[in-house]
Structure formats: structure tokens, C-alpha cells
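Summary of structural features
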Amino acid sequence: MKNKLSRFAVPYEVWMAIFVVAPILIMVIYAFSSSEGGFTLDNFVQMGGYTQVFLRSFKLAIIATLICLVIGYPVSYLMSREGPAFQRTAMVLIMLPMWMNFLLRTYSWMTILENHGLLNQLFEKIGLISLYNHIFGTELEYFSMMNTQGAVVLGMVYNYLPFMILPIYSVIIKLDGSLLEAARDLGANSMTVFRRVILPLSLPGVISGITMVFVPSVSTFAISRMLGGGTELLLGDLIERQFLGGAYNPQLGAAISLVMMIIVLVCMLVMNRFGEGEEQAVML
């Protein structure tokens, strides 16, 4: 019976082989090949010139992930404490922006953050720009928010925040209420219950959320190009330039992609091991 059912997995295996395994193999071959087709490690040596891009990408991705965690965990916890009607409404509000196109959502932030955009117009109306000029002796007409690392991080947080909220919420909402009642019966106050029971048991959701935010953040290119104005080059932009830009070098692009994939996989393994250790500590 088991062998008969395994036949249904054949289309899935073929799909995985064509669209997952084959592209990875092609990337590995390109990464270790020269433009003439021979074996070389020069592609990895050339990556030394892009150390700042790697550092900037991981720095902004970590900042965006931490901000999403700081915002997402309290939101997830508060949602889980409310009634079903509130939870359904909150879920719709969280998912509603995701129903729009990714580029449209990012373009909207360009309209808000540009030099004469909605935010600067608001600051001008309420006199914030004039107050700033009066205090610091400047003559600013607007606050420059576009083409900055702050704008890129803001775009990451806005687009990926639901990926932090949903995994944490899905774990907290399933916690056994009897555990919380038992902790309170043993004399634990609300802070102790949260610190010793809720937080450790919600770590699988936290780790899933961190992974789901960090991975797309470190490899993004549309957000950095649109909100960073091309001045804040990230790994996604660098890889895109190697395949589509004037500096056409698919071998170098494949090498950067391979190294980035390995780094991300290592980070995910470390985080998963950390989560397993925390779960074991709670059980003990």
C-alpha cells in the first residue's frame, strides 16, 4: 500500500528536481567556472571587493528583523489575549496590505517619503520644519528621507512585518491555558508567567518569524533600489547587476548567490539549534 501511494509523490519529485535542484546545480557550476568555461576560484576572490555590500546587507536585514520582532511580538501577544471577533478583524487588517502588489506598496512609501511628499507636507503644516530650523539654525525646506538606509529599513519592516506577526501569533494562540493557570496558582505574577512560560514556549514562532523576515530582507533588491535610490547597494542589487546590468558577469553573480545562500542556511541552522535548546530547557 505504501509503495502504491508513493507513486503520487513522483510529480512532486520531478517538480523539485527541475525547479529546485537543477537551478542550484547550475548556480554551483557557474560559481566555479570562468567566462571561458574552465574551473576557477577567482569568482570568490573577486567577492572581497564587495565586503561593504555584504556588511551593509546583513546590518540592515538584522535591524529590520529586530524592529519587526519588537513590534510583532507585542501585537501577536495582545491579539491572542482578545476575543475571536477582534482576532479576525486584526488578522484581516494585517493581511490587507499583502493583497496589493509588492511594488505598489513600495511606491506608496516613495510618495510619502519624497522631498515634497505627504510626510514633509505634514511637517510643514504643523510647523515642525520651521521649529527645527529655529532650534538648529538651518534653512531646510524639507527633511531628506528618501535614498537613505532608514528608508530602506522602513520598507523592509512595512513589507515583512506580517511574516513576523503571524508565526508568533499562531504559536501563542495554541498555548495550553492550563499551564498559565497552573503558574498563577503556584504564585507567579503576570510578568513571571510571561517570562517563564509564555516566552519560552513561543520561541518556535519567534524563530520562524525571524527566519521569514531576515531571509527576504538580506536578499531584497526592489526595496533598496526604490527607497534607497540605488545609493544603498545591497546583495540583491549586486547580484542583479551581474546578471542584468552593464557589468555582466553571471559567474560572479552565481558565486555571490552561493555564498549568501550558505550564510543564510548556517544562520537558520544556528537559530533552529538555539530554539531546540530553549525548548529542552523549558521541559527540564
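Our subject is the structure listed above.
Here goes a summary of the coordinates provided. Since we're looking at a predicted model, the values are computed, not measured.

Conventions and cut-offs
Residues numbered from 1 in each chain as written. Predicted model: local features only at pLDDT ≥ 70, side-chain atom pairs only at ≥ 80, totals over all residues. Heavy atoms only, no water. Helix = DSSP H or I, 4+ residues; strand = E, 2+ residues; numbered from the N terminus. Rg over C-alpha atoms; globule rule 2.2 N^0.38 Å. Buried < 20%, exposed > 50% of the residue type's maximum accessible area, 1.4 Å probe, protein only. Contact = heavy atoms within 4.5 Å. Areas by Shrake-Rupley, 256 points an atom, 1.4 Å probe, with all protein chains shown as cover. Lys, Arg positive; Asp, Glu negative; His and termini not counted. Charge placed at Lys NZ, Arg CZ, Asp CG, Glu CD. Patch = residues over 30% accessible without salt bridge, like charges linked within 9 Å, V, L, I, M, F, W, Y side chains within 5 Å. Salt bridge = Lys/Arg side-chain N within 4 Å of Asp/Glu carboxyl O.

1. Concerning the overall build of the protein chain
Counting secondary structure elements, the protein chain contains 15 helices and zero strands. Computed over the C-alpha atoms, the radius of gyration of the protein chain is 24 Å, more than 25% above the 19 Å expected from 2.2 N^0.38 for a compact globule of 284 residues. Counting only C-alpha atoms and orienting by the principal axes, one finds that the protein chain spans roughly 75 × 70 × 35 Å. Taken across its 284 residues, the protein chain has 36% of its residues classed as buried. Restricting the contact set of the protein chain to residue pairs at least 6 apart, pairs at least 24 apart contribute 70%. Entry remark: accessible area of the protein chain is about 17000 Å², with carbon and sulfur atoms responsible for 68%. Here the protein chain carries 16 positive and 17 negative side-chain charges, and the mean point of each set is 10 Å from the other.

2. Focus on a nonpolar patch on the surface
Together, V10, V14, W15, I18, F19, V20, V21, I24 and L25 line one region of the surface with nonpolar side chains, adding up to about 810 Å² of accessible area. Residue classification places I24 among the partly exposed residues on the basis of a relative accessible area of 34%.

3. Some words on the side chain of S217
Structurally, S217 is set in helix α12 (residues 203-219). In this structure S217 comes out as buried when scored by relative accessible area, which is 0%. Apart from the residues lying within four places of it in its own chain, the contact partners of S217 are A61, A64, M156 and Y160.

4. Details of the pattern of salt bridges
With the rule as written, the count across this model stands at one salt bridge. The salt bridge involving E240 is made with R225; its shortest N-O contact spans 2.5 Å. Pair noted here: E240 is in helix α14 (residues 235-244) and R225 is in helix α13 (residues 222-227), with a separation of 15 residues, a long-range link. The partly exposed category is assigned to R225, whose relative accessible area is 40%.

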